[in-house]
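# Tertiary structure, described
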Amino acid sequence: MSGNTTGAPAPPPAGPGNGPAVSRGEFDALFEAVRTWGRWAAADRGAWNRVTPDHVRRAAALIRSGTIVPLGRPWNTRPEADNEKPALHYMSDLGDVEAPEPSTYKDFLAVDYHGKGVSHLDALSHIAYRGRLYDGRAAREVVDVGGARFGAVSALGPLVTRGVLLDLPAVLGIKWLEPGRAVHAPDVVAAEEALDVTIGDGDAVLLRSGHLRRRRETGPWNSDAASAGWHVDAVPLLAERAIALLGGDGDSDVRPSPVEGLHSPVHALAVAAMGVPLLDNLDLEALSAACAEAGRYAFVLVVAPLNVPGGTGSPVNPVAIL
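The text that follows walks through the structure, step by step, so that each part is easy to find. Note that the structure is predicted; figures quoted are calculated from it, not measured.

### Here we look at the overall build of the protein
Within the protein one finds ten helices and 15 strands. For a compact globule of 322 residues, the expected C-alpha radius of gyration is about 20 Å, and the protein comes in at 20 Å, within 12% of that figure. C-alpha atoms of the protein, sized along the principal axes, occupy 65 × 50 × 45 Å. With 322 residues in all, the protein has 52% of them scored as buried. Summing over all exposed atoms, the protein offers an accessible surface of approximately 14200 Å²; the carbon and sulfur share of this is 55%. Averaging the positions of the 29 positive and the 38 negative side-chain charges in the protein gives two centres separated by 3 Å.

### A few points about a nonpolar patch on the surface
A grouping of Leu88, Tyr90 and Phe108 is seen on the molecular surface, where their side chains present a nonpolar patch of about 290 Å² in accessible area. As for its position among the elements, phenylalanine 108 is in strand E3 (residues 105-110).

### What about unusual backbone geometry?
Working note: non-glycine residues mostly have negative phi, and peptide bonds are mostly trans. Cis geometry marks the peptide bond from glutamate 101 to proline 102; its omega dihedral reads -10°. Within the secondary structure, proline 102 sits in the loop between strand E2 (88-94) and E3. With a phi close to 70°, aspartate 135 is a non-glycine residue in the positive phi region. Turning to its location among the elements, aspartate 135 is positioned in the loop between strand E4 (120-122) and helix H3 (139-142). A positive phi is found at alanine 242, a non-glycine position, where the angle reads about 60°. Assignment of secondary structure puts alanine 242 in the loop between helix H8 (235-240) and strand E11 (245-248).

### A few points about the side chain of serine 209
Relative to the helices and strands, serine 209 is located in the loop between strand E9 (204-208) and helix H7 (211-218). At a separation of 3.2 Å, a polar atom in the side chain of serine 209 contacts the main-chain amide nitrogen of histidine 211.

### Some thoughts on the nonpolar core
Grouped burial of nonpolar side chains is what soluble globular proteins tend to show. Grouped together as the largest cluster of nonpolar side chains are 74 residues, with contacts concentrated most on Phe27, Leu166, Leu206, Trp230 and Leu287. Considering every element that reaches this core, the biggest residue donor is helix H9 (residues 265-273), with seven residues. Formed by five residues, the second largest nonpolar core is a distinct cluster that contains Ala43, Leu133, Val142 and Phe150.

### What about helix H1 (residues 24-34)?
Those residues of H1 lying buried are Phe27, Leu30, Phe31 and Val34. Burial along H1 is one-sided: seen end-on, the buried residues are contained in an arc of 105°. Away from its buried face by more than 90 degrees, H1 exposes Gly25 and Ala33. Those residues of H1 that are buried lie in contact with H8 and H9.

### Topic: empty space enclosed by the protein
This model, assessed by the stated rule, comprises four cavities of 30 Å³ or more. Roughly 60 Å³ of internal volume is contained in the largest cavity. Every residue lining the largest cavity is listed: Arg73, Asp82, Lys116, His211, Ser223, Ser227, Asp249, Gly250, Asp251 and Asn281. Split into classes, the residues belonging to the lining of the largest cavity amount to no nonpolar, five polar and five charged.

### Side note on the packing of aromatic side chains
Aromatic ring pairs are defined here through the distance separating the ring centres and the angle between the ring planes. Using the criterion set out here, one finds five aromatic pairs in the structure. Relative to tyrosine 129, the ring of phenylalanine 27 has its centre 5.3 Å away and its plane inclined at 75°; by these criteria the two rings are edge-to-face. With phenylalanine 27 in helix H1 and tyrosine 129 in the loop between E4 and H3, this pair connects stretches of sequence that are 102 residues apart. Accessibility classification places phenylalanine 27 together with tyrosine 129 in one group, the buried group. When the ring of phenylalanine 31 is compared with that of tryptophan 37, the centres are 6.1 Å apart and the planes differ by 85°; the resulting orientation is edge-to-face. Residue phenylalanine 31 is classed as buried on the basis of its relative accessible area of 4%. Owing to a relative accessible area of 26%, tryptophan 37 belongs among the partly exposed residues under this scheme.

### So, the packing of H1 against H9
Direction vectors running N to C along H1 and H9 enclose 30°, while the axes themselves pass 9 Å from each other. In this view, H1 runs roughly parallel relative to H9, as classed from their interaxial angle. Taken as a pair, H1 and H9 cross one another with a handedness that is right-handed. Counted together, Phe27, Leu30, Phe31 and Val34 of H1 and Pro265, Ala268, Leu269, Ala272 and Ala273 of H9 form the full contact between these two elements. Of the residues in the contact of H1 with H9, the class split is nine nonpolar, no polar and no charged.

The rules behind these values
Residues numbered from 1 in each chain as written. Predicted model: local features only at pLDDT ≥ 70, side-chain atom pairs only at ≥ 80, totals over all residues. Heavy atoms only, no water. Helix = DSSP H or I, 4+ residues; strand = E, 2+ residues; numbered from the N terminus. Rg over C-alpha atoms; globule rule 2.2 N^0.38 Å. Buried < 20%, exposed > 50% of the residue type's maximum accessible area, 1.4 Å probe, protein only. Areas by Shrake-Rupley, 256 points an atom, 1.4 Å probe, with all protein chains shown as cover. Lys, Arg positive; Asp, Glu negative; His and termini not counted. Charge placed at Lys NZ, Arg CZ, Asp CG, Glu CD. Patch = residues over 30% accessible without salt bridge, like charges linked within 9 Å, V, L, I, M, F, W, Y side chains within 5 Å. Salt bridge = Lys/Arg side-chain N within 4 Å of Asp/Glu carboxyl O. Polar contact = N/O pair within 3.5 Å; in protein donor to acceptor, adjacent residues only side chain to side chain. Core = buried A, V, L, I, M, F, W, Y, C linked by side-chain atoms within 4.5 Å. Arc of directions from axis to C-beta. Contact = heavy atoms within 4.5 Å. 1 Å grid on protein atoms, 1.4 Å probe; cavity = no way out; pocket = protein on both sides within 12 Å on 5 of 7 lines; lining within 4 Å. Points joined across faces, edges and corners; volume = space filled by probe spheres on them. Nonpolar A, V, L, I, M, F, W, Y, C, P; charged D, E, K, R; others polar. Phe/Tyr/Trp six-rings, centres within 6.5 Å; stacked < 30°, edge-to-face > 60°. Axes fitted to C-alpha atoms, helices over the stretch in contact; angles between N-to-C directions. Parallel < 35°, antiparallel > 145°, perpendicular 65-115°, else oblique. Left-handed = near helix turned anticlockwise from the far one by under 90°.

Shown next, in the form of structure tokens:
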């Protein structure tokens with residue numbers, strides 16, 4: 001039960017440290033500096049092309065205890081400050097629709113998952129910048145009412161690679177990063193040193209801000225307005241490390257956005273420039289505890305999105321294996 005007993009969303013604190021501010025011109029230069037267009041023949045798989053069988057074998061060697069930690073949040077059917085389009089779940093057969101024996105029980109699921117309430121994967125067709133998807137494809141030419149003909153989630157398939165948890169609250173000795181707190185490149189380097197882990201090529205990087213712990217203890221808030229996440233000045237370091245996937249317990253972007261005229265600049269850099277799919281709204285609390293107990297912050301990460309032809313992403317329940 002939430003610690004917020006008033007029933008109202010808990011407001012984020014004033015004065016979020018989401019800066020420094022970035023001009024549109026500075027952002028465009030950064031976009032050009034990190035983009036990887038033309039690099040892979042299977043362009044709609046983007047940075048997942050980096051993960052080879054050798055990466056999978058090296059990741060598998062990390063398994064020691066066999067501990068399995070699911071990272072997806074529960075299917076969220078409750079309207080709240082951060083879930084204005086709740087998922088649907090209802091029973092469509094209570095043993096009274098088909099022939100009587102054996103009795104059958106069925107349910108229906110539906111969701112508008114690109115939001116704050118559902119753990120999901122963003123495919124490369126989800127984000128365009130200046131009208132262009134990853135690899136320079138014109139969004140209006142390849143995405144229409146029938147779905148995406150480039151960068152669909154069905155092109156990605158499953159991913160098995162090394163995951164790295166950047167547990168910033170654990171490093172800083174706090175319960176969570178307050179909404180609006182930006183994470184910068186020096187934070188990554190400090191976390192690597194403190195957690196004795198180094199991000200490498202083909203890795204999946206998961207940022208724990210403590211978002212879910214704060215939500216459980218203080219109640220939901222409008223995380224479109226304020227949430228901890230990456231500042232764009234951290235992206236060149238992630239690009240240099242040649243990551244395959246970026247995710248977290250928020251949606252990766254610090255909010256409010258520090259970039260003039262862009263609501264989700266890290267989405268634009270990761271997805272549209274670098275071809276790096278995103279995992280949004282994970283529950284990293286159990287993984288934080290498991291990594292602390294194991295004394296290591298690298299593990300096998302398994303991501304198996306739904307095979308939706310034309311889909312711009314998928315609800316997902318990733319699994320970490322230690």
